[in-house]
Each structure stands twice: as C-alpha cells, then as structure tokens.
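Next come the chains, spelled out residue by residue.
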Amino acid sequence: MGCGQKDDKASLASSQRASLSHQPHQPSPTPASKEVWKKGGRMFSVLLAVHLALLACTLVSSGAFEKIAVHDYDVFFLLTVMMLIVIVWIIFYLAGTARCPDAILCKDSHAGPIWLRGGLVLFAIFSLVMDIFKIGYYSSFYSCLSAIKIIYPIVQAIFVAVQTYFLWISAKDCVHVHLNVTRCGLMLTLTTNLAVWMSAVTDESVHKAHSKLKKNVTEEIFRWLLKAGMRSSSAEECNCNSQICQVFKNGYFWLYPFNIEYSLFASAMVYVMWKNVGRFIDHHSHHIHHLKFRLFRRTFFVGIVLGLIVLVSGLGVLILYEVQVNSSTESSKKNQALTMYYIFNIVCLSLMSLVCIGGSVIYRFDKRDMDRHKNPTRTLDVALLMGAALGQYAISYYSIVAIVASTPRDAISALNLTYALLMIAQHTFQNIFIIEGLHRQPPKEDHKHDSHQKVLYGLTFVNVNAVSLRVPDGSGSLAPGPASGAEAIHASDLVRSLTAPKKMNWRRKFLREISMFLLLSNIILWIVPAFGARPQFDNDTELTFYGDSMWPAIVDICLPFGIFYRMHAVASLLEVYTMS
C-alpha cells in the first residue's frame, strides 16, 4: 500500500492548513461525514481485537486445566504467531507509514510522558532478562519438550525490544495516512499484549498457588496446579533436577511481575496511539506544557522522608514475612507474620488515607482552573484507576463477608477486617485526589506579575550583564515598540525580574509533598504482593469460608488488577507532582 493511497482525511488536512494560513485563530472543523468513516474504522479494529482477545483467553484458560485437550504449547504457538505479526506491522509502520509525506501532521503532547516511557523501558529490561532465564530453563531438557517452548521466549524477547523502541519514538504520533491499517495494527498490538499478560498472570498465579496451597488443595486442583510448568505426560522425564535449572526456573518466576506490568503499560500506550489515529489537534486550545520533574527543589523533604521510611519498613516486613511463613510450619510463627503484615498495612493505609483527604481539602483552596480540553491520555488514566481498583475492592468485600460471617473471631480476624476496610477507603480517597490533580491546569509562574513584567519574561534571549552595561542603573529605559502600547521598562526592573527566584505558594508545596509520599507508599504496596507476601493464601478464615477452590480463584483473578493499580497510581502521581 503506497503513500499516495491515503485516506480522504489527508487531503482534508492540506486544505485545512491552507485555510489556517489566512485565519490562524479559527479551529479547523471536521465534517460530520468524516466522523462516520472514523467511527467505522474504529469499530472494525475493535471487532478484530475482541475476537482475537476471546480466542486467546479461551486457549489460555483451557490450557491451565489438565482434563481439557488444549496443551500449553498450543497457547505458546498462538502467542508466537500474534507477536510475529505485530513485529512485521511495526516494521511496516516505522519504515513505511511514518515516513510518508504528511503522515504525522501533529503530535499529542500529553501522550507518552517521559516517566511512562522510562517505566516501560525499565520493565522491558527485566522482561528480557526473564526471557533469557526461560530460554535457559527450557533448554535444560530440550530433548523431551516441544520446540515451541524454546521458540516462544526468543520471539517474545524480540517482540519486547521492537515494541519498546516503537513506543519510545512513536507514542505521541497522530497518524493521518493508512488509517485503517494503522488502527488494526495498533489493536492487534494491544490484543497481543493483553494475551501475553493473561498467559503470564495464569502461569505466575498457578505457581504461587502451588507453593502456598500444596497442603490444602484437593487432588483435582493439585493436578491442575502441576500443569503450570509443563505437560503431565512429560513431567517425570523432564524434571528440573540440576542446580542451574533451578536457578533459571526460580529466576524467571521472580521476574514475572515485571513482565506483567510491561504488558499493561504497553497496552495503555498503544490504546492512546489508537485514539490519536486521524486526530487533528487545535494548537490554540491544546496547551503544550513542558513540565520538568525536579525532585529536590521547592520541597520540604517531608513527603520524601516519610515515603522512604514506609518503603524501607515495607521491605523489612516483606523479608520477615517470607522467612517466617515459608521456612516455618509452626502456626505461632505464621500468626506472628500475619500480625506484623496487617499492622504495617493498617498504619500505611491510614496515613495514605489521611494524606489524600488533606490533599483534597487543599484543592478546595486552589485557584487554578480546571482543564476541560479533550485529552485521551487523561481519560484513559482515570478509567484505568477506577477499573483496576475494582480488583482490590472485590477481594476486600469478599474478606469482609467471610470475617463477619465466620466464628470464632480472634485478633487476626479483627486486623484482617480493619485492613480490608482501610483498603477500600484508601483506594477511594486516592482516586479522588489523583483525578482532581489530573484535571487541574498547570501552574502559571507569572500569574502574580503585572503586564510589563510578563513582557520581560518573554525576553529569554537577553544577556543580563549586557543590559546592565549598556543602560545606566535607574536612568535608562527600554522604549516599547510602536504597537506594543506597554509602559517603559527600566533596566533595573529587567535585571531584577530576570534574576529573581520564582516563589511557590504553600498549596503547591504541600501538594508536592503529598504526591511524593503517596508515590513511594504505592511502590512498596506494589512490591509486597507482587513478590510473595499474599496473606489471602495464608489466612485460614477466607479459605475455610469459601473453600479451597473458590477463594484461590477469586484472588488469582482480582489480585493482578490490584497490583496493576499500584503501578498505574505511581505513574499518575508523577504527573500530579509535576502539575503542582
């Protein structure tokens, strides 16, 4: 498909640019007929994504059960084919679509912020290490395995590298050629990431459940759990007995959380690109803010210090919890670990809830205007925050019902009930704080200066020393132009305005402290469940009330959403911090 075969919207763009040259302040209207085609192209790509997602979900869920004649290598084969197609499309986009004349007429300044792309690169690096461990693990007994099990991690490593490069350079693109092909390619990329995420969550959850519930599950569930790593028909002859094989196996399971987060981050960025296909941005209403993330400037360090204390304490709790629960079979040690875990989380969640309430109160005194411009990135952020919180809401409400309806009630049950209630409250208050921060206009540094000082800040090319030498202090003035209508500007005022530090009011400082504390607290609340500490599997109340099969299934389905919520909250809080 050549660059000359463009959508009608490309020719519309050239006529709009010609009209804008004569009327630069009038936004370019889009005819209603074009919107119909736009919605039709979107609907076709969405239908393609839905069918592929349902197919992948069916195979992934069926491959986890032993009695169903779907093997794990069938899942790997489908995922490998999908990733190869995405790799081919990305190469076509970078080499063909993006290089066409008038392909990218504008860029979305809100899409793909640097911290989101930086997080994507970080997770991509750990995902590549995980693929290396997988290759080493499956290569340890390649003679009794299907070849697809070794091919799959190789293709996945290539897919991660190519996709990361693609999103790094193209996340802000608003494409105006090959519209339908681009929409379908982006939806295929999104679906592939979600399919890889479903496969990783299934494998990782089964491994965690296997290690935690080996003594409590029934025989049927136990056979299902053994299905996580390989087929039962080859389990005996393909046992991982060597030391290096165990290192590879444990290594790639520990790195699964990074791969899971990578797939979700990539899916979010691809969705924003899909929304921006064929989009025209009116630069007169679309404010472009070059925000700088300055960690150690204009803060009291209170939020950073408290956040680091919570982070270090959480790491200590995680280590002690893993040691006491996994290395000891005594019930007293297990209860001590659960008590320590719940007390830490109750204190942390209480502080975070109070801080979020305080931040929402401060917003009541904030005089900044609300940003009501169209912003697909912000819309997606809000939707993901609200949607991902439902996973933790579900676990908390299931725990509340089990604790209230169960007898007898002990100290562990009381702590568990308090923890579940605070988890609901903290998610709610934090969502309110983040959403309100995302909808605020960035601060204007010169909103307290008068009109002639605003002109001074526009003279960024002026050399202060040259001005002070060429114009005597207190006597000379810079005469305004004939059309400016501004008052005369004295050189001393110019030097003072250009060199004076810009003040930040108390509201912005407190909002920055709150954002930094919440950011560090969300990081530790992501690390603790993602890397092992899951009291839902160690507390007997829910297991006894719901049964050994239902409760693990509830946790396995809902907990990944709760883990993703924490990482997405971190990214959103970074944006709130820079907007404060």
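If you're wondering where the values come from, they're calculated on a predicted model, not measured in any experiment.

A. View of the overall build of the protein. Per the secondary structure count, the protein includes 20 helices and four strands. Within the protein, the fraction of its 580 residues that count as buried is 49%. For the protein, long-range pairs separated by at least 24 residues make up 88% of all intrachain contacts whose partners lie at least 6 apart in sequence. Accessible surface computed for the protein: about 27,500 Å², of which carbon and sulfur atoms make up 65%.

B. Inspection of the packing of aromatic side chains at higher detail. For the structure on display, the rule yields 22 aromatic pairs. The interplanar angle of 90° and the centroid separation of 5.3 Å between the aromatic rings of Tyr93 and Phe166 together place this pair among those described as edge-to-face. Of this pair, Tyr93 sits in helix α3 (residues 72–95) while Phe166 sits in helix α5 (residues 148–170), placing them 73 residues apart in sequence. With respect to class, Tyr93 is no different from Phe166; both count as buried.

C. The arrangement of a nonpolar patch on the surface in detail. A grouping of Leu354, Ile357, Val361, Phe365, Phe429, Ile432, Trp506 and Phe510 is seen on the molecular surface, where their side chains present a nonpolar patch of about 760 Å² in accessible area. Listed by contribution, the elements that provide at least two residues to the nonpolar patch are α11 (331–364), α13 (411–438) and α17 (506–530). The element best represented in the nonpolar patch is α11, accounting for three residues. If you trace the backbone, Ile432 turns up in helix α13.

D. Focus on unusual backbone geometry. Even without glycine at this site, Asp102 takes up a positive phi of about 60°. Mapped onto the elements, Asp102 comes out in the loop between α3 and β1 (104–107). With a relative accessible area of 37%, Asp102 lands in the partly exposed category. The phi dihedral of His178 falls on the positive side, at around 50°, and the residue is not glycine. Mapped onto the fold, His178 is located in the loop between β2 (173–175) and α6 (179–212).

E. Focus on the nonpolar core. Phe433 and Trp526 are the most contacted members of the largest nonpolar core, which has 131 residues in total. Broken down by element, this core gets its largest block of residues, 15 residues, from helix α20 (residues 550–579). When near neighbours in sequence (up to four residues on either side) are disregarded, Trp526 contacts Phe123, Pro257, Phe258, Glu261, Phe531, Ile563, Arg566 and Met567.

F. Summary view of the pattern of salt bridges. Summed over the entire model, instances satisfying the criterion amount to three salt bridges. We note a salt bridge from Lys107 to Asp173, for which the minimum N-O separation is 2.5 Å. Linking Lys107 in strand β1 with Asp173 in strand β2, this pair joins segments that are 66 residues apart in sequence. With its nearest N and O atoms 2.2 Å apart, the salt bridge here joins Arg364 to Glu436. Residue Arg364 is located in helix α11, and its partner Glu436 is located in helix α13; the two are separated by 72 residues in the primary sequence. The exposure class assigned to Arg364 is exposed, which follows from its relative accessible area of 55%. Of the residues examined, Glu436 reaches a relative accessible area of 13% and is grouped as buried. Counted as one network, the salt bridges with shared partners bring together Arg364, Glu436 and Arg440.

Reading the values: the criteria
- Residues numbered from 1 in each chain as written.
- Predicted model: local features only at pLDDT ≥ 70, side-chain atom pairs only at ≥ 80, totals over all residues.
- Heavy atoms only, no water.
- Helix = DSSP H or I, 4+ residues; strand = E, 2+ residues; numbered from the N terminus.
- Buried < 20%, exposed > 50% of the residue type's maximum accessible area, 1.4 Å probe, protein only.
- Contact = heavy atoms within 4.5 Å.
- Areas by Shrake-Rupley, 256 points an atom, 1.4 Å probe, with all protein chains shown as cover.
- Phe/Tyr/Trp six-rings, centres within 6.5 Å; stacked < 30°, edge-to-face > 60°.
- Patch = residues over 30% accessible without salt bridge, like charges linked within 9 Å, V, L, I, M, F, W, Y side chains within 5 Å.
- Salt bridge = Lys/Arg side-chain N within 4 Å of Asp/Glu carboxyl O.
- Core = buried A, V, L, I, M, F, W, Y, C linked by side-chain atoms within 4.5 Å.

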